[in-house]
Amino acid sequence: MASVQEHGAVFTKPWMVELMLDLCGYTPDRDLSRCVAVEPSCGDGAFLLPMVERLSAACHLRGLDIADAADGIRAFDLQTQHVETCRAAVERWLCEEGWPRKVAISLAERWVTCDDYLLRCHDRDEADFVIGNPPYIRAEAIPRDLRAKYVGSCSTMTEGSDIYVGFFEVGLSSLKPAGALCFICADRWMRNGYGKKLRRLVTEEYNVRAVYEMHGVDAFAEEVSAYPAVTIIGRGRQARVRYAIACPTFDARAASRLEAWSNNGGEPVRDPDFAATVLSDWFHTDAHWPTGTPESLTLLRELEARFPLLEETGAKVGIGIATGADNVFVTSDASAVESDRLLPLVKTGDITSGRVEGHRTWLVNPWAADGTLVPLQEYPKLRSYFQTHEPQLSKRHIAKKSEGGRWYRTIDKVMPGLRERPKLLFQDMKMTIEPVLDEGSYYPHHNLYWVTSDAWDLKVLGGLLLSRVAEFFVSSYAVRMRGGTLRFQAQYLRLIRVPRPEDIPLDLKVRLGQAFEERDVAAATAASLEAYGINGVPN
């Protein structure tokens, strides 16, 4: 999200708030005076005031005194001005609704607290509802000492976590057995590394009740690029999940139709502004949770039930070497050091055509075959070369934490035999999946990912991985960059499901290999669809 407020606050539009309150069941038709609803970061009151309105309406409907709902709402915020604004607004609203001013003042002060929600002590089983739009603050923007407190207090947070991860954990831990947490928040935690612990917590102790993806929807008071989703999570065993993906045109009228769909049994629907279905289950893993249309998630679950992961079929996925100083370790001068200290290097720019194009650079290799650093005294040219660059190399973090004069090491070790092995290469950021075969001539640079295998004919596997089926797996799990660019990183390549090589008929192997050699995506996709036994994949 854009940094609209000092503390990461981006305020939610009223129609979205009303939708969320309806979807999670905070409605006046139930006795809200007996419920406890928590707003962890109340900001300007976007959620708080509608919650107060609904609580008041529930009391009026039943002839109850709202003073008896003193514990009905608990709202928190770090900023004093937000707390003062919200208290004044709550007091004003209650008075306009006919409640005594003395009661209104008392409830406003009791309901709205200036405190850090993440560091405050909360009782387990205290909340029926936890509802809101938690602040979105990147880890690097949180002061180091405060971040350390959050990490110490919240088991799902790491040094690299955005702050909203902690809000999920604390909110979930406070739920009553039948309670529900309903947040509109960036959904990156479902697919990024920093969300792994939170995904594990949800998988082991809670159930995902609903996910409504709202990417591109005009749901906030300020323009943001947070890729948000409305997520509803409760306690208990995982069951059916309401799932919807909204179009950028999704608005208040579409929200009413989505709510009606949710209340009417959840038959699959394709509305002009959203698509929705009910999934029979959710993903029981702390690995990346996928995204996509309802149809694509249904297909994904089917394929995951039928086919093994890529690495379960005898393939190995890895990443090229990171040096920590490419201007030193990558050279185009073949005479810079001893010839046996040079590894022919393949970089992203060398495979853009779909083939490995020529050889332009070498890796200056400080590693011996046994994984130790070579003694510099045995290589005079290498010693002179590294000593020339010692001021730069010795200042690197990897050099400072290494002992015994290992200042000239690369971040990653060179893997013995990788250069000579045939391998499929993938660029990190591409619009489409495009594996390229290196027959065994080069060592991959760090922006390239590789797949090797003794069980596969790599041209056959290359045909499968060139197809739209393989791309479908990656697009379901990967975090997309601006413009729709995909990340073909090892963590996503490992999630591709493939038939076992022995289960693919010979004629299909021939077609897959030929399609790969000819870079024919359509032919590779057609053969792959037959191999998977499906009619197609969603666009």
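Our structure's up above, just so we're on the same page.
So, here is what we can say about the structure in this document. Predicted model only: the values in this text are computed from it and were never measured. Think of each chain on its own: its residues are numbered from 1, step by step along the sequence as written. Restriction of local features to residues with pLDDT of at least 70 applies here, the model being predicted, together with a cutoff of 80 or more for giving and counting side-chain atom pairs; totals for whole chains, interfaces and linings are based on all residues. Here the side-chain values reflect all heavy atoms present in the structure, with hydrogen atoms and water set aside.

What follows concerns the packing of helix 15 (residues 468-477) against helix 18 (residues 521-532). Axes here mean lines fitted to C-alpha atoms, for a helix over just the part in contact, with angles spanning 0 to 180 degrees between N-to-C directions. Secondary structure is summarised from DSSP: a helix means a run of H or I of at least four residues, a strand means a run of E of at least two, and numbering begins at the N terminus for each. In the contact formed by helix 15 and helix 18, the axes pass within 7 Å of each other and the chain directions differ by 80°. Of the possible angle classes, the one that applies to helix 15 and helix 18 is roughly perpendicular. Contact with helix 15, carried on its side by Arg468, Val469 and Phe473, involves Val521, Thr525, Ser528, Leu529 and Tyr532 of helix 18 and no other residues of that element. Here the nonpolar group is Ala, Val, Leu, Ile, Met, Phe, Trp, Tyr, Cys and Pro; Asp, Glu, Lys and Arg are the charged ones; every other residue, Gly included, is treated as polar. A breakdown of the residues in the contact of helix 15 with helix 18 according to their chemical character gives 5 nonpolar, 2 polar and 1 charged. Convention used here: angles under 35 degrees read as roughly parallel, angles over 145 as roughly antiparallel, angles from 65 to 115 as roughly perpendicular, and any remaining angle as oblique. Whether two residues are in contact is decided by their heavy atoms, any of which lying within 4.5 Å being enough.

Attention shifts here to the packing of aromatic side chains. Side-chain rings of Phe, Tyr and Trp, where Trp is taken by its six-membered ring, are said to pair if the distance between their centres is within 6.5 Å; with planes under 30 degrees apart they count as stacked, over 60 as edge-to-face, and otherwise as tilted. Under the criterion given, the structure shown has 21 aromatic pairs. With 6.4 Å between their ring centres and 70° between their planes, Tyr164 and Tyr194 make a pair best called edge-to-face. Here Tyr194 lies in the loop between strand 5 (175-186) and helix 7 (196-205) and Tyr164 lies in helix 6 (residues 164-173), a separation of 30 residues in the sequence. The same class applies to Tyr164 and to Tyr194, which are both buried. Put simply, the rings of Tyr136, Tyr164, Phe168, Phe183, Trp189, Tyr194, Tyr243, Trp282, Phe283 and Trp289 touch in pairs and so form one group of aromatic residues. Just above the ring of Phe283 sits the side chain of Arg301; from NZ or CZ to the centre is 5.0 Å. We note Arg341 situated over the ring of Tyr379; from NZ or CZ to the ring centre the distance is 5.1 Å. Relative accessibility thresholds used throughout: buried, under 20% of the residue-type maximum; exposed, over 50%; partly exposed, between the two (1.4 Å probe, protein chains only). Any Lys NZ or Arg CZ found within 6 Å of a ring centre and within 35 degrees of that ring's normal is scored as a charge over the ring.

This paragraph deals with the sheet that holds strand 12 (residues 330-331). Strand pairing follows a simple DSSP-based rule, namely that at least 2 bridges must link the two strands. The strand order across the open sheet formed by 4 strands is 12-14-13-18, and the pairing between neighbours is mixed. Strands at the two margins of the open sheet, each flanked by one partner only, are strand 12 and strand 18 (443-444). In this structure, strand 13 (residues 342-346) lies alongside strand 18, joined through 2 bridges in parallel fashion. Within the sheet, the bridge partner assigned to Leu345 lies in strand 18 and is Tyr443.

Where a strand is regular, its side chains alternate between the two sheet faces. Where burial is concerned, most of strand 10 (residues 274-279) is hidden: 6 out of the 6 residues are buried. Side-chain alternation along strand 10 places Phe274, Ala276 and Val278 on one buried face and Ala275, Thr277 and Leu279 on a second face that is also buried. For strand 8 (residues 241-246) and strand 10, the ladder comprises 6 bridges, and the chain directions are antiparallel. Across the sheet, Ala244 pairs through a bridge with Ala276, a residue of strand 10. Bridge count between strand 9 (residues 269-271) and strand 10: 3 bridges; the pairing is antiparallel. Directly across from Asp271, in strand 10, lies its bridge partner Phe274. Connecting the antiparallel pair strand 9 and strand 10 is a turn made up of 2 residues.

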